[in-house]
Amino acid sequence: MTPHINAEKKDIAKIVLMPGDPLRAKFIAENFLDNFRLVNDVRNMYMYTGTYHGKEITIAGSGMGCPSIGIYSYELFKFYDVECIIRIGSAGSYVSELDIYDLVNVTSAYGENNYAKIVAGIDDQVLEASQEVVDLITTTAQGLQLKLKNARVHSSDVFYRQNPDDWKKINKEYDALCVEMESFALFANARALNKKAGCLLTISDSFISGVLTTAEERQNNFKKMMELALETIIKF
């Protein structure tokens, strides 16, 4: 056990699917897994382990931001011997070609923070997802006939900014096509601990059109992403 996870080591699978919202972890377990059980409830950061088509999988909430996913993914990698974590979450689009509910397979993340430097002595501002995970998500999406965009993302440390137009500069300088808040820390931990990590996102709002989705709409329309992630995991 760790300060943040009270699961027994045997109760965490080697492959973890990690949504930000712990209630989304609960939704996935209840709607997709067989014989699932709650294995962590510290701080109500729910984690469930069960099987999907016979493959043991853990669904674990990460919370919001690099510090939060940084803690949970580090502990899962380091102390629970997890081999691969795939984050699934929402993102805001910086470009017109990414519309509401489009799927994004994250190839790399620009981190607007010092997480990688402090945790692992990594100076890079852009960190890559594990190529094996990126490729497996891509081929799985093709098999399911799902449209998928491979892209770099912006991992922001803040949700509210003094200058709301910062995204335009970040999009131009770093070729980041959308924004979320967690993948940079996940990729840093995977690199530091020699593990595998990927990130699959659904566009939930657009900086171009101004369209926003509600929490209920996201819950109901993220199922394609959930299914793609689960179908990817069983191929490991």
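Up top is the structure these notes are about.
Residues numbered from 1 in each chain as written. Predicted model: local features only at pLDDT ≥ 70, side-chain atom pairs only at ≥ 80, totals over all residues. Heavy atoms only, no water.

(A) Quick look at the overall build of the chain. Along the chain, the regular secondary structure elements total eight helices and ten strands. For 236 residues, the compact-globule estimate of 2.2 N^0.38 gives 18 Å, and the chain sits close to it at 16 Å. Its C-alpha atoms give the chain principal-axis dimensions of about 45 × 40 × 30 Å. Burial analysis of the chain (236 residues in total) assigns 56% to the buried set. Look at the contacts in the chain between residues 6 or more apart in sequence, and 77% of them connect residues 24 or more apart. In the structure as shown, the chain presents an accessible area of about 10900 Å², 48% of it carried by carbon and sulfur atoms. (Helix = DSSP H or I, 4+ residues; strand = E, 2+ residues; numbered from the N terminus. Rg over C-alpha atoms; globule rule 2.2 N^0.38 Å. Buried < 20%, exposed > 50% of the residue type's maximum accessible area, 1.4 Å probe, protein only. Contact = heavy atoms within 4.5 Å. Areas by Shrake-Rupley, 256 points an atom, 1.4 Å probe, with all protein chains shown as cover.)

(B) Local environment of helix H4 (residues 131–143). The first and last C-alpha atoms of H4 sit 18 Å apart over 13 residues, in line with the 18 Å expected at 1.5 Å per residue. Within H4, the full set of buried residues consists of Val133, Val134, Leu136, Ile137, Thr138, Thr140 and Ala141. Next to the buried residues of H4 lie strand S5 (84–93), strand S6 (103–111), strand S8 (148–155), strand S10 (196–206) and helix H8 (223–233). Positive backbone phi, at 60 degrees, marks Gln145, one or two positions downstream of H4. (Expected span 1.5 Å × (residues − 1).)

(C) Local environment of the nonpolar core. In terms of nonpolar packing, the biggest core is built from 52 residues, with Leu76 and Phe187 touching the most fellow members. Ranked by residues supplied to this core, first place goes to helix H6 (residues 183–193) with seven residues. The contact partners of Phe187, leaving out residues within four places of it in the chain, are Val106, Ser108, Ala109, Leu127, Glu128, Ala129, Ala197, Gly198 and Cys199. Formed by 28 residues, the second largest nonpolar core is a distinct cluster that contains Ile15, Leu103, Leu200 and Leu228. (Core = buried A, V, L, I, M, F, W, Y, C linked by side-chain atoms within 4.5 Å.)

(D) Representation of the pairing of strand S1 (residues 15–19) in the model. Counting buried residues along S1, five of its five residues qualify, which places the element largely inside the surrounding structure. On S1, burial covers both faces: Ile15, Leu17 and Pro19 on one face and Val16 and Met18 on the other are all buried. Bridge analysis of S1 against S5 gives five bridges, and the strand direction is parallel. Across the sheet, the residue bridging to Leu17 is Ile86, located in S5. (Pairing = 2+ DSSP bridges.)

(E) How the structure looks around the packing of aromatic side chains. The tally for this structure, following the rule as stated, stands at eight aromatic pairs. For the pair Phe36 and Tyr48, a centre-to-centre distance of 6.1 Å together with 75 degrees between the ring planes defines the contact as edge-to-face. With Phe36 in strand S2 (residues 34–40) and Tyr48 in strand S3 (residues 47–52), this residue pair connects regions lying twelve residues apart in the sequence. Look at Phe36 and you get partly exposed, because its relative accessible area is 34%. Judged by its relative accessible area of 7%, Tyr48 falls in the buried class. (Phe/Tyr/Trp six-rings, centres within 6.5 Å; stacked < 30°, edge-to-face > 60°.)

(F) Geometry of the pattern of salt bridges. Taken as a whole and assessed by the stated rule, the structure comprises twelve salt bridges. A salt bridge links Lys10 to Asp11; the shortest N-O distance between them is 3.4 Å. Taking the relative accessible area as the measure of exposure, Asp11 reaches 15% and is therefore buried. Residue Lys196 pairs with Glu132 through a salt bridge whose shortest N-O separation is 2.7 Å. (Salt bridge = Lys/Arg side-chain N within 4 Å of Asp/Glu carboxyl O.)

(G) Quick peek at the packing of H4 against H8. Running from amino to carboxyl end, H4 crosses H8 at an angle of 115 degrees, the nearest separation of the two axes being 9 Å. Where H4 crosses over H8, the two elements pack in a sense that is right-handed. Residues Leu136, Ile137, Thr140 and Ala141 of H4 form the contact with H8, whose own contacting residues are Leu228, Glu231 and Thr232. Here the residues of the contact of H4 with H8 sort into four nonpolar, two polar and one charged. (Axes fitted to C-alpha atoms, helices over the stretch in contact; angles between N-to-C directions. Left-handed = near helix turned anticlockwise from the far one by under 90°. Nonpolar A, V, L, I, M, F, W, Y, C, P; charged D, E, K, R; others polar.)

(H) Here's a closer look at helix H2 (residues 66–79). With 14 residues, H2 extends 19 Å from end C-alpha to end C-alpha; this agrees with the ideal 20 Å at 1.5 Å per step. Listed as buried for H2 are Cys66, Ser68, Ile69, Gly70, Tyr72, Ser73, Glu75, Leu76 and Phe77. One or two residues past the end of H2 sits Asp81, with phi positive at roughly 55 degrees.

(I) Spotlight on the environment of Lys117. Of note, Lys117 is situated in helix H3 (residues 115–120). Here Lys117 falls in the partly exposed class, since its relative accessible area comes to 44%. In this structure the C-alpha to C-alpha distance between Lys117 and Asp34, which are 83 residues apart in sequence, comes to 40 Å. The residues contacting Lys117, other than those within four sequence positions of it, are Ile122 and Asp123. Within the local environment of Lys117, its side chain forms a polar contact with the side chain of Asp123, the two groups lying 2.9 Å apart. (Polar contact = N/O pair within 3.5 Å; in protein donor to acceptor, adjacent residues only side chain to side chain.)

So far we have only geometry, and geometry alone does not tell us how the molecule works.
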